[in-house]
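Here's the letter readout for the chains.
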Amino acid sequence: MTKQATTPAEAVIGQAIDRVDGRLKVTGRAKYASEFPVEGLVYAQGVNSTIAKGDITRIDTAAAEAQPGVIRVITHENALKLASPDADRLELSTTSIAPVLQSPEINWYGEWVAVVVAETIEQAQYAARLVEVEYNRAEPKVDFAQDAGYAPDVQPKYERGDVDAGMAEADERVEVTYRTPVEHHHPMELHAVIAEWEDENLELHLCSQMVNDNAKGIADTFMIPKENVRIIAPFIGGGFGSKLQAQEHVMLAAMAAKMIGRPVQFTVTRQQMFTNTSLRQENLQRMRIGATRDGRLTALVHDTTSHTATNKEYQEPCGAASKMLYKVANNRVNYNLVPINLPYPWAMRAPGEATGSYALECAMDEMAWKLGMDPVEFRILNDTQVDPSNDKPFSSRLLTECLRIGAKKFGWADRPLEPRSRREGNWLVGYGVSAASRQAPLQLSAARVTVYRDGDTVTATVQTDATDIGTGTYTILAQTAADFLGIPVAAVTVQLGDSRFPISPGSGGSWGAASFTNGVRAACMKLMEEIKVAAGTDATEGQGIADLMDDADLSEYAAVGSAAPTEEFKNHSVYSFGANFCEVWVDVDTNMARLKRILTVGAAGTILNPKTAYSQVLGGLVMGHGMAFMEQSKVEKQYGNFITRSLADYHVPVNLDLADVQVVFLPEDDKIANPMGVKGIGELGICGVAGSLANAVFNATGKRMRDLPITPEKLITTKIEPGVTVSR
Amino acid sequence: MRPFNFIPSATVADAVSASTANPEPRYLGGGTNLIDLMKEDVERPDTVIEVASLDRKEIQRTPSGGLLLGGMLNNTDTANHPDVRKDYPLLTMTMLSAATEQIRNMATNGGNLLQRTRCPYFYETSMPCNKREPGTGCGALNGMNALHAIFGWSEACVAVHPSDMCVALAAIGATVEVAKPDGTSRRIPFTDLHRLPGDEPQRDTILEPGELIVGIELDAPKYADHYYYLKIRERSSYAFALLSVAAGLQVENGRIASAGLAMGGVAHKPWKLTAAEDYLRGKAPETGNFEAAAAIAMQDARPLAENEYKIEMGQRAIVRALEQAYARKA
């Protein structure tokens, strides 16, 4: 065995190492929630409502129960009593309760009306077809109008200056409404859970982004102490926000397990993931922008109307970036929420920013064109180093640098100034740009680090309830521990996703990488300090951990540490920034649009691992591309269901749609953000992407596409914007 | 999925006799459509007769110079067969634009012809659909019909046929060989196989119960030099056509000797543009003539509330497909 270096070699943080869990994943040995072998496991299949509004008048389970292997059919008539919400509309959060099957009332098409439990999954699926439900059907309300809602408490109205005065003093005005449709998270791993009770203790194998918050939501739903709930979630096949909260099917699995006294596995089908695992809400965003002739913003108004369910409330903050991205004295951000009979909305990747940046960045492009200014220069002119929404300085903000460097690398100077002026054969060619911003939060995050010495060799185990939802948490925590303990990455074992481990904030809101790594760093530093103390006078500067443990006569040692935001953090606005540049080709006859290339420049602090970071941003770009050109659920107005019923109808990009994708990270050292200097990138990658594509479509075709997605059907029926010169 | 009786078959004779001897039979080819429909509870066969393994996987030259495509051969092997690529590149191009490689590897030629519409009202058993459940009404007629027919629809059904391959077959010309339950066989001109919905939308084709497609005989090749399949869709793969055009031109001495032209995504059957084909014969292969042919093709279009866009899209697509066909040298 070779002796480990006594001083840390070259830092592994910042190196593009392979995922430490990559081999487990590609060999199928990484276990996901539904795959755990549990003695006596039985299977549950959910049954969905086939009306969007009304009441169940009769539910006949006899035929289902008569089938071989069927153990129990649970409906609102025999369900366990669960906690009830304290408002007509349950306000959704990462810890919210999720009562289910508590009444005959139907709020949306596809709502759970029963669950069938059987010895095999096939028996459960077949019996589920045999549950007969009769309804008293009421006329569903699935369309929503701008004026029919209410102001949600969760997103209070924000205003600074005087927007009417600001609009009045403007030389040019843009006043337009953008629409974005219902979208779905659809992570690759289906929502799945195995629930098992032992007396009053509940153990769940659960695909969960936030183990600790989910334990609370589940405990509160069943009205038991949180300590009674254990969640095990080592691997999660994506979430995009849909696994932030423990949703109704988790409660159904736990309820069924309790009622029959056996462990129950519940997997939500791909089709049910359109209706039962939350979605991105439909939004109408009314933008009003005023600017002086020389390009300075005088007013920016962002009014959002969104749908919510009739029984659950969520509002994505579409106006988040409009408050802080540009220097403008007069600003208003407001929300109007309309309850209708559609499934409940919830946070989906960059909630608010993904959709809000589409409206903001398109409106900025519309204004730049009206002013006759280059859209890159227009943005730079209105850049600011002080957050105008709270007058705090940004901890670091390299937006102008992202735009300038991006423009140079992309070849922005070649952009045709006049829309619809560049042709390549049958293709109209256009370039588009957008700015991107995403808050870079830090949350209290703890970890336990245990080191083991065997002669000269030290290995370490890191434990935290943090999750790896495909983002690379295992890898970046191994890199962090390796550097702060001075041992190789291969000597570090990372264990995640168990609610018995020290508490992290979980994966969400782009705070994971920063919070987890700072927590692990703190635990490692604490451990090193304590070992140095134990080594006493023998400890010398620069001594490695093996020698220190040797001097302290230790073969094993553990420490728990945590990190939290500092005062300096709180006195700053902390964000990641970026710029997207893209080239889109639109066929002049068929109106099919193709993304040819896209370049993103991001400034997101320390890049822990360029490989996993690239992968994150690439995923965001693809998701933004899908949002711009194809993703939508279409609502049947008479019946209230989605007529896009599967991934054959609900289109996401395929490999052949993908373009030349370049991701550039600017070096940024921001120790105000946190000691590791890490800022989130999981959501930055999608921000502004749809806007840049829509802007490129305008540059190519002269058409302003204010209703996503931009399909051939919409492009062929949209008129060329007045003022655009048309040659063909 | 509901329980069903599964019958493997060794010969065509076995398969067709099994279909008469058992209740509610369906033939199972590659399973890329039937199995989906069974999972969705749309198709509820009591008997599933496996036919994909039957010995009809040939590609053979016919006496008239055409090709016989075995009904059980998969779409990938058909599209990539050297003789198909050489003589019928329009068919190759069309078939390779369909679905995905994985689906094409499974799907049989016979099954491709018999795939059912992707109309969401047909798929969703809680909504009305005359094709799925005669007499319940057509949900799409006054509902979500952006993806529906502009030609040949009836009050009873506005669904479209989803196949790409069939659009090329309509342009090229073909004859379908069908095995009958009594052990005999019959031949059906391809354009007669599929029917318009009328008041019996539950019948996609003129096939009688128990009849099995065993082969597709292509007309002698004419469009090996000038061909194009234009498929307008929302993404580059794994998407049905909003609208498509298969175009083949035979050009002799600067004149169009023969034109093969058909559209997909516009009707209950692959929509052969016979009047436009006739118009083009003897004309010069020029954009002006293509535009006139397209106008003829589109003149009977009757859009629904949400699919008027297909009129302009169809007009442009026909012109464009003809231009590209002419410009394309095999």
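Residues numbered from 1 in each chain as written. Chains lettered and ligands numbered in written order. Predicted model: local features only at pLDDT ≥ 70, side-chain atom pairs only at ≥ 80, totals over all residues.

If you check an unreviewed UniProt entry, chain B appears there as Xanthine dehydrogenase YagS FAD-binding subunit from Neolewinella xylanilytica.

Taking an unreviewed UniProt entry as the reference, chain A is identified by name as Xanthine dehydrogenase molybdenum binding subunit apoprotein belonging to Neolewinella xylanilytica.

## Focus: the interface of chain B and chain A
Where the parts come together, the accessible area they lose is often given as the size of the interface. The cut-off we apply is this: Whether two residues are in contact is decided by their C-beta atoms, placed from the backbone, lying within 7 Å. Segments assigned H or I by DSSP are reported as helices when at least four residues long, segments assigned E as strands when at least two residues long, and all are numbered from the N terminus. Here the nonpolar group is Ala, Val, Leu, Ile, Met, Phe, Trp, Tyr, Cys and Pro; Asp, Glu, Lys and Arg are the charged ones; every other residue, Gly included, is treated as polar.
Taken together, the contacts link 26 residues of chain B with 25 residues of chain A. No other element matches helix 13 (residues 309-327) of chain B, which puts six residues into the side of chain B that touches chain A. Within the side of chain B that touches chain A, the residues separate by chemical class into 14 nonpolar, four polar and eight charged.

## Here's the deal with the packing of helix 8 (residues 353-371) of chain A against helix 16 (residues 689-701) of chain A
All names here are of chain A. To keep things clear, this is the line we draw: Working convention: axes come from line fits to C-alpha atoms, limited for helices to the stretch in contact. Angles between N-to-C directions cover 0 to 180 degrees. Handedness of a helix crossing follows the sense of rotation of the near helix relative to the far helix, less than a right angle counterclockwise being left-handed and clockwise being right-handed.
Between helix 8 and helix 16, the shortest axis-to-axis distance is 8 Å and the interhelical angle comes to 35 degrees. Between helix 8 and helix 16 the crossing geometry is right-handed. Where helix 8 abuts helix 16, its residues S357, Y358, E361, C362 and D365 lie against A690, G691, S692, A694, N695 and F698. Of the residues that constitute the contact of helix 8 with helix 16, the class distribution is five nonpolar, four polar and two charged.

## Description of the environment of E721 of chain A
Residue and element names in this part refer to chain A. The test is simple: The exposure scheme places C-beta atoms from the backbone and then counts, for each residue, the other C-beta atoms within 10 Å of its own, assigning buried at 20 or more, exposed at 12 or fewer, and partly exposed in between.
Here E721 is to be found in the segment after helix 17 (712-717). Overall, the presence of 15 C-beta atoms within 10 Å leaves E721 in the partly exposed class. Remark: the alpha-carbon pair of E721 and G702, spanning 19 residues in sequence, is separated by 5.8 Å. When near neighbours in sequence (up to four residues on either side) are disregarded, E721 contacts G702, K703 and R704.

## Here's the deal with the domain arrangement of chain B
Going by this rule: Where each domain begins and ends is defined by an automated method or by a domain database.
What the domain assignment reports for chain B is domain 1 (5-50) and domain 2 (226-327). Put simply, the middle of domain 1 of chain B and the middle of domain 2 of chain B, counted by C-alpha atoms, are 36 Å apart.

## Re the sheet that holds strand 10 (residues 243-252) of chain B
Residue and element names in this part refer to chain B. Threshold: A pair of strands counts as paired when DSSP detects no fewer than two bridges linking them.
The strand order across the open sheet built from four strands is 9-10-11-12, with neighbouring strands paired in antiparallel fashion. Pairing within the sheet leaves two strands with one partner each, and these edge strands are strand 9 (226-232) and strand 12 (271-272). Taken together, the seven bridges between strand 9 and strand 10 define a ladder with antiparallel strand orientation. Looking at the pairing, L230 lines up with V245 of strand 10. Against the sheet, helix 5 (residues 89-96) contacts strand 9 and strand 10, and its axis sits at roughly 15 degrees relative to strand 9.

## Focus: the sheet that holds strand 25 (residues 593-603) of chain A
Residues and elements named next belong to chain A. Taken in spatial order, the five strands line up as 18-19-24-25-26 in an open sheet, and their pairing is mixed. Both edges of this open sheet fall to strand 18 (423-424) and strand 26 (660-665), since each of them pairs with a single strand only. Where strand 24 (residues 575-587) meets strand 25, 10 bridges bridge the pair, whose relative direction is antiparallel. Along strand 25, the bridge assignment pairs C582 with I598. Lying over the sheet, helix 16 contacts strand 19 (427-439), strand 24 and strand 25, oriented at roughly 155 degrees with respect to strand 19.

## Considerations on unusual backbone geometry
A cis geometry characterises the amide bond from L708 of chain A onward to P709 of chain A, with omega recorded as -5 degrees. Tracing the backbone through its elements, the reader meets P709 of chain A in the loop between helix 16 and helix 17. In this structure, H186 of chain A is a non-glycine residue whose phi angle is positive, near 40 degrees. Take H186 of chain A: it is sitting in the loop between strand 9 (172-180) and strand 10 (192-198). The exposure class assigned to H186 of chain A is partly exposed, which follows from the 19 C-beta atoms found within 10 Å. Although it is not a glycine, N253 of chain B adopts a positive phi angle of roughly 50 degrees.

## What to know about the domain arrangement of chain A
All names here are of chain A. Segmentation of chain A into domains returns domain 1 (22-30 + 443-564) and domain 2 (379-441 + 571-717). Across the boundary between the two partners, domain 1 contributes 16 residues, which contact 17 residues of domain 2. Among the elements of the structure, helix 11 (473-485) and helix 12 (512-535) are those that each provide at least two residues to the side of domain 1 that touches domain 2. Ranked by residue count, the leading element in the side of domain 1 that touches domain 2 is helix 12, at six residues.

## Description of the pairing of strand 22 (residues 492-496) of chain A
Residue and element names in this part refer to chain A. Judged by which residues are buried, strand 22 turns out to be one-sided: V492, V494 and L496 face inward and are buried, whereas T493 and Q495, on the alternate face, are not. Across five bridges, strand 21 (residues 457-464) lies against strand 22 in parallel orientation. Residue pairing in the sheet places T461 in a bridge with T493 of strand 22.

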